[in-house]
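The residues making up each chain are set out below.
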Amino acid sequence: MMKRKRNKCGKTRTSTPLEEFFLTLVRLRKHLSIQHMAHLYGMAESTICIILNTWVIFLHKILRRMPIWPSREHITANMLPCFKECDSNLRAIIDCTEIYIETPTDSWAQRDTFSNYKHHNTAKGLLAISPTGHVFWCSTLYAGRTSDNTIVRHSGFLDRLQEEDSIMADKGFDIQEDCSERGIGLVIPPFLRNIQFTHLELDSTREIETTRVHIEQDVRRVKELNIISETVPVTNCPQLNRIYQVCCYLANFTGPLIAIPPTNRTK
């Protein structure tokens, strides 16, 4: 006997999964208002909200399962020349990025999220790119007042590295002791110890800063998704952590960070 097909509860679906996926990407990239998107797609605002929330949760689960943490062998074989010249054991280039949020109504939340660097209420996250030029780690978001060092220590990033790995960071990351305990090298610009830098220190600073430009470019690519480049309303904050991490992973689909010369491309 043929089984009778059950009818799903609720309203009949009027859009395909592909259309809903595209709608979500438009929202992330352009940050159009819910009212405007409801007008464009001929749907109720509540329906648009349900679609967006559902797809953000779905994308977050799927993208986080992707095995994008590169092995040491993969990095060694595919490391870009500019990184190899700096440190052949380099495993990651890290930096923190901040997302503007509306001022919370709670006074304690206002204090915890106020960033002295940005002079605004923010959420802050750690981002890591590999020497092959793609984002492979993004932490959960922390309150804007949290220091970069605290985020590195509590995010679990250092625990996933291996001995003899090296990471590159800005001199604002005071994590030398944390790295030494794990046998990890830390590549940062030298500090001024005398009246002026030596020629060797100047060359080292110039080389590191030139290389670190690439993570700034990657952060810029993440924030080209306007939903996190503009001030995030308080109503969106419960989903902000998922949205931020989805944007970080989607940045890997925008093409290579550094153009590969024709002679080095695989035939």
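This write-up is about the structure you can find in this document. This one's a predicted model, so the numbers in the text were calculated from it and none came from an experiment. (Residues numbered from 1 in each chain as written. Predicted model: local features only at pLDDT ≥ 70, side-chain atom pairs only at ≥ 80, totals over all residues. Heavy atoms only, no water.)

Once that is clear, we can look at the nonpolar core. Core analysis: the biggest nonpolar cluster contains 69 residues, and Ile94, Leu126, Phe157, Ile167 and Ile228 have the highest contact counts within it. Sequence-distant contacts of leucine 126, that is, excluding residues within four places in its chain, are made with Ile94, Asp95, Cys96, Trp137, Cys138, Ser139, Ile151, Val152, Ser155, Phe157, Phe173 and Tyr244. (Core = buried A, V, L, I, M, F, W, Y, C linked by side-chain atoms within 4.5 Å. Buried < 20%, exposed > 50% of the residue type's maximum accessible area, 1.4 Å probe, protein only. Contact = heavy atoms within 4.5 Å.)

Given a rise of 1.5 Å per residue, 14 residues ought to cover 20 Å, and the 20 Å separating the end C-alpha atoms of helix α10 (residues 237–250) matches this to within 8%. Where burial is concerned, most of α10 is hidden: ten out of the 14 residues are buried. What α10 keeps buried is the set Gln239, Leu240, Ile243, Tyr244, Gln245, Val246, Cys247, Cys248, Tyr249 and Leu250. (Helix = DSSP H or I, 4+ residues; strand = E, 2+ residues; numbered from the N terminus. Expected span 1.5 Å × (residues − 1).)

Take the pattern of salt bridges next. Within the structure shown, the criterion is met by six salt bridges. Two residues, aspartate 165 and arginine 72, come together in a salt bridge whose shortest N-O distance is 3.0 Å. Residue aspartate 165 is located in the loop between α7 (148–155) and β6 (166–168), and its partner arginine 72 is located in helix α4 (residues 72–78); the two are separated by 93 residues in the primary sequence. Between aspartate 178 and arginine 153 there is a salt bridge, with the nearest N and O atoms lying 3.0 Å from each other. In this pair, aspartate 178 is assigned in helix α8 (residues 176–181) and arginine 153 in helix α7, connecting sequence segments 25 residues apart. In this structure aspartate 178 comes out as buried when scored by relative accessible area, which is 13%. One connected set of salt bridges, linked through shared partners, spans Arg72, Arg91 and Asp165. (Salt bridge = Lys/Arg side-chain N within 4 Å of Asp/Glu carboxyl O.)

When strand β3 (residues 120–129) meets strand β4 (residues 135–138), the two strands line up antiparallel, connected through three bridges. The residue bridging alanine 128 from the neighbouring strand is tryptophan 137, located in β4. Counting the residues between successive antiparallel strands, the hairpin from β3 to β4 contains five residues, one of them, glycine 133, with a positive phi of roughly 95°. (Pairing = 2+ DSSP bridges.)

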